[in-house]
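# Examining the three-dimensional arrangement
This is what each chain is made of:
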Amino acid sequence: MSHTVGLGALALSDRPVGVDVEQRRPVELPQLARTVLSAEERRWLDGLPDERDRLLGFFTCWTRKEAVLKAIGVGITGHLPAWHSHPDRSDDIVIDAPDGAWGAWRVRDLDMGPHWSASVSGPADALGPLHVRPWARRPPLSHESSRTGQQMSTTRTEPATTGKSSTPSCGSGGNSSA
């Protein structure tokens, strides 16, 4: 499970699975890059043409790594620079655990719209078809916000382009949903 401003994601499977979503927002990129990215990822990021592309690249690396670490069950406590997220690739990728202890993990980026980066991960040999159903928070109705002081409901929204779920297929085995 993951959430950020305006979006949440839940991945369900009969195998280990992890998901991460992040709002694309301004961050202290040089400082975070040193803390989170491998030397190779930082070189790739520095080679991008402008600040916007570097920010998008950073969040791609971040969500891929966090999705894998959530699937393993360790969260972001792992040594993040030791994990290489293959930021130069946009297809399904395989991330190997730095010390081999946790095996290999397949990662797929999710298109959640222009304001978020998102990735889902599962065992490299078992990340099967995905059924993506975006959900967006709606603004509270005036009586909800005055009664509770907080936003309490969510509304299902379908992608504006097709109105259908995305069902890319990769690998064999497991069934995951995000």
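Anyway, here's the lowdown on the structure attached to this text. (Residues numbered from 1 in each chain as written. Predicted model: local features only at pLDDT ≥ 70, side-chain atom pairs only at ≥ 80, totals over all residues. Heavy atoms only, no water.)

### Notes on the sheet that holds strand β6 (residues 104-110)
In space, the four strands of this open sheet follow the order β4-β7-β6-β5, with antiparallel pairing throughout. This sheet does not close on itself; its edge strands, each paired only once, are β4 (18-23) and β5 (93-96). Adjacent strand axes in the sheet meet at a mean angle of 25°, parallel and antiparallel pairs treated alike. In terms of strand pairing, β4 meets strand β7 (residues 116-123) through six bridges, oriented antiparallel. Paired with D20 across the two strands is S119, which belongs to β7. (Pairing = 2+ DSSP bridges. Helix = DSSP H or I, 4+ residues; strand = E, 2+ residues; numbered from the N terminus. Axes fitted to C-alpha atoms, helices over the stretch in contact; angles between N-to-C directions.)

### Concerning the side chain of S117
Relative to the assigned elements, S117 resides in strand β7. On the basis of relative accessible area, S117 is assigned to the buried category, the value being 3%. Within the local environment of S117, its side chain forms a polar contact with the side chain of R24, the two groups lying 2.9 Å apart. Those residues within four positions of S117 in sequence are excluded, and the remaining contacts are D20, V21, E22, R24, L56, F59, T60 and T63. (Buried < 20%, exposed > 50% of the residue type's maximum accessible area, 1.4 Å probe, protein only. Polar contact = N/O pair within 3.5 Å; in protein donor to acceptor, adjacent residues only side chain to side chain. Contact = heavy atoms within 4.5 Å.)

### So, the nonpolar core
Most often, soluble globular proteins keep nonpolar side chains buried together rather than apart. Counting 22 residues, the largest nonpolar core has V36, L37, L45, F58, V68, W83 and I95 as the members making the most contacts within it. For this core, the elements supplying multiple residues, two or more each, are α1 (29-36), α3 (51-72), β5 and β6. The greatest single-element share of this core, amounting to nine residues, is contributed by α3. What L45 contacts, discounting residues up to four positions off in sequence, is L29, A33, L37, R54, G57 and F58. Grouped together as the second largest cluster of nonpolar side chains are eleven residues, L7, V17, V19 and V21 included. (Core = buried A, V, L, I, M, F, W, Y, C linked by side-chain atoms within 4.5 Å.)

### What to know about the side chain of R64
Note that R64 resides in helix α3. By relative accessible area, which is 1% here, R64 ends up buried. Residues in contact with R64, not counting those within four places in the same chain, are S85, H86, P87, R89, S90, I93, I95, V107, D109 and S119.

### Some remarks on the pattern of salt bridges
Taken as a whole, this structure holds ten salt bridges when the rule is applied. Ionic pairing is found between R52 and D53, a salt bridge with its closest N-O pair at 3.9 Å. Taking relative accessible area as the criterion, R52 reaches 58% and is therefore assigned exposed. Across the pair D92 and R108 runs a salt bridge whose closest N-O atoms are separated by 3.0 Å. In this pair, D92 is assigned in the loop between α3 and β5 and R108 in strand β6, connecting sequence segments 16 residues apart. The exposure classification of D92 matches that of R108, with both residues buried. (Salt bridge = Lys/Arg side-chain N within 4 Å of Asp/Glu carboxyl O.)

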